[in-house]
Amino acid sequence: MDLVTRSLAGDQRAFAALFDQYKNLVYKTAYLLQGSADDAEDTLQEVFLLVYRSLSTFDPAKGAFTTWLHRITVNHCLNQRRKRRLLLLSFDKISPNLLPARDASLEQRFAEEEAVRASLNQLSEKLRAVVVLRYYSDLSHLEISQVLNIPVGTVKSRLDTAVRSLRGALNKTEGAPARTGYTQKEAPK
Amino acid sequence: MNCHEVSGMLVAYLEGEVTPSERAAIQAHLAGCDPCNWELSAFSDLRGRVRESLHSIAARSASSPQAWERLKVSLSSKFDSKEQKWQYFGEKLVRIHRRWMMPFNWRVPRWLPVSAMVLLVVLAAYALVPPLRTAAQDPLGIFRVKRFATVTIDPASIPTTASKGDPTSLGSFTVNQMPSTTTVASIKEAQDAVGFGLRTPKKVPSGLEMTSKVTVSKEGSFSYTFDLKKAREYLATLGIAAKDLPANLDGATVKLTIPSQVVIEYRAPSGTGSALMLSQGHSPVLEAPPGLDVDLLRRQILSMPGLPAELTSQLGAIQDWRQTAVIPLPKEGFTSKEVSVDGGMKGLSIQGKAGDGNGLLWEKSGIIYGVGGSVTPEQLTDAANSMSP
């Protein structure tokens, strides 16, 4: 029997193992969506309380357990953000002056993360959710559509909008040209 | 397809979300169009950057090692939501009391709690302060709590990277025995479970009554084994150069035992309004390995460049280091003062901002008492002064 079935049968050890197996999925997804370790910690608790209470409603025929878990997690994060009217994603920032001296590659990596973080910050929470589910959770468009309960076509268009916005934001930060140097009129047919 | 059409489909193309005929048309266009190829590689590069950064940010984040324990407490509650809230509050107090080095800071300590910074503070607390040689009734390396001292910590002085630390940042953490928490219906039952005489206050704020819920937390014990290489690397990320730490710290195991505790709850029969919690239990015991020269360790930790001077000076000022539990308090929002309670015992009163509650800790005859809750400091003192038998 798998962990879900055993948990449903009231096996507490199985639920503990289920928590252990999926806590990173929930915590890290929440951290990327909420940007705060404290909020992610609360989300982890709330999500597993919900999982515990509604495990019986999980239907394997409708999709994988991880898809279901992602849905609960993302919904919780989006609801929390709405409640708190948080507008900014503020990952615990890394101060470059705290890094060991002369570690240029590390500094570069953090600068890169900071740039990506800042550009993610400019996305709406809906777009950010698609980006995190696609590029962190590695979910397919179909799975994302199941998680967010939207059509696959909407996932596709949100991802397109998100990637283009991220590009615009990153180019702005880095001072790169926004387009390839030709205008649409001049574009070869 | 022209550039405009192709450009509009490049993200979907990279995602593999185009039909075979669209794919063929895009590929045919790309074969002869440099700008679109440039654009394709820009999008591809961007996806890689986003993917890599998200994974890297996520890799450095981790949930609290106490997360399961916290969840278990919530799951074990069989009460309605209001009751559940109180249960949670009570359990939280138990947990806080259990982690005796930081009681009564309900809301704030999440930037601090299980981070390695706490372990550093605790370690520093025991190692930094000059040993009180005459008080060495216990064998060297065994520490019990008889009194309390606070150190105020400015969250701003804690490197932000510290919040990413977890208990495994300096070594490895083992739960030898997980403290189990149960609820019993009477003081007598709790007394039988923990094996020591329980005391209760005669004077509690008017309107509050002892509830039928008495929480018993059975003994727990934890070990921490230092890994010198890991510790140095972690401390370096905080800007602390720790090259002088003694070599025998590597592999040294510190054991913390938290004896059984009992929490009694007082509140209005309606379940609303203020509440008072009383906890009592034997002192936690911290055991350092025999070979570890804590005196030397103290000097070396003191000399670590990068440790906030404000912290080291406060730790340095604590007398009677073997028997003093150090309670880190955030600089903002909390005040503390020494008080005399329960027949002349030295207690520590901690006052939070409105809504954060107040607390009072003291030791008497080997038992550590704590009262706290959403009542005034005076009401806590009254309760402490009316303890019987």
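To be clear, the structure that these remarks concern was listed above.
Residues numbered from 1 in each chain as written. Chains lettered and ligands numbered in written order. Predicted model: local features only at pLDDT ≥ 70, side-chain atom pairs only at ≥ 80, totals over all residues. Heavy atoms only, no water.

Novice: Account for the pattern of salt bridges, with residues named and values stated.
Specialist: Using the criterion set out here, one finds 16 salt bridges over all chains in the structure. Between E39(B) and R167(A) there is a salt bridge, and its shortest N-O distance comes to 3.0 Å. Here the residue E39(B) occupies a position in helix α3 (residues 34–59), and R167(A) occupies one in helix α8 (residues 152–174), the pair thus bridging two chains. The class for R167(A) is buried, based on a relative accessible area of 9%. (Salt bridge = Lys/Arg side-chain N within 4 Å of Asp/Glu carboxyl O. Helix = DSSP H or I, 4+ residues; strand = E, 2+ residues; numbered from the N terminus. Buried < 20%, exposed > 50% of the residue type's maximum accessible area, 1.4 Å probe, protein only.)

Novice: An account of the pairing of strand β10 (residues 275–282) of chain B is requested, with residue identities and associated values reported.
Specialist: All names here are of chain B. The buried fraction of β10 amounts to seven of the eight residues, a majority that puts the element mostly inside the structure. When strand β9 (residues 261–267) meets β10, the two strands line up antiparallel, connected through seven bridges. Bridge assignment links I264 to a residue of β10, and that residue is L278. Pairing of β10 with strand β16 (residues 367–373), which is carried by seven bridges, proceeds in the antiparallel orientation. Bridged to L278 within β16 is V371. (Pairing = 2+ DSSP bridges.)

Novice: Can you explain the environment of V26(A)? Please cite residues and give values.
Specialist: Residues and elements named next belong to chain A. Here V26 is to be found in helix α2 (residues 12–34). Along the sequence, V26 and V47 sit 21 residues apart, while their C-alpha atoms lie 7.7 Å from each other. Beyond its immediate chain neighbours, meaning those up to four positions away, V26 contacts T43, L44, V47, F48, L69 and T73. (Contact = heavy atoms within 4.5 Å.)

Novice: Which residues make up the nonpolar core, and what values go with them?
Specialist: Ranked by size, the top nonpolar core spans 74 residues in total, and within it F48(A), V51(A), F65(A), V131(A) and L148(A) carry the most contacts. Of all the elements, α2(A) adds the most residues to this core, at twelve residues. Dropping the residues within four chain positions of it, V131(A) is found in contact with L120(A), L123(A), Y136(A), L159(A), A162(A), L166(A), V50(B) and L54(B). Of all hydrophobic cores here, the second largest spans 26 residues; its members include L198(B), A268(B), V339(B) and L380(B). (Core = buried A, V, L, I, M, F, W, Y, C linked by side-chain atoms within 4.5 Å.)

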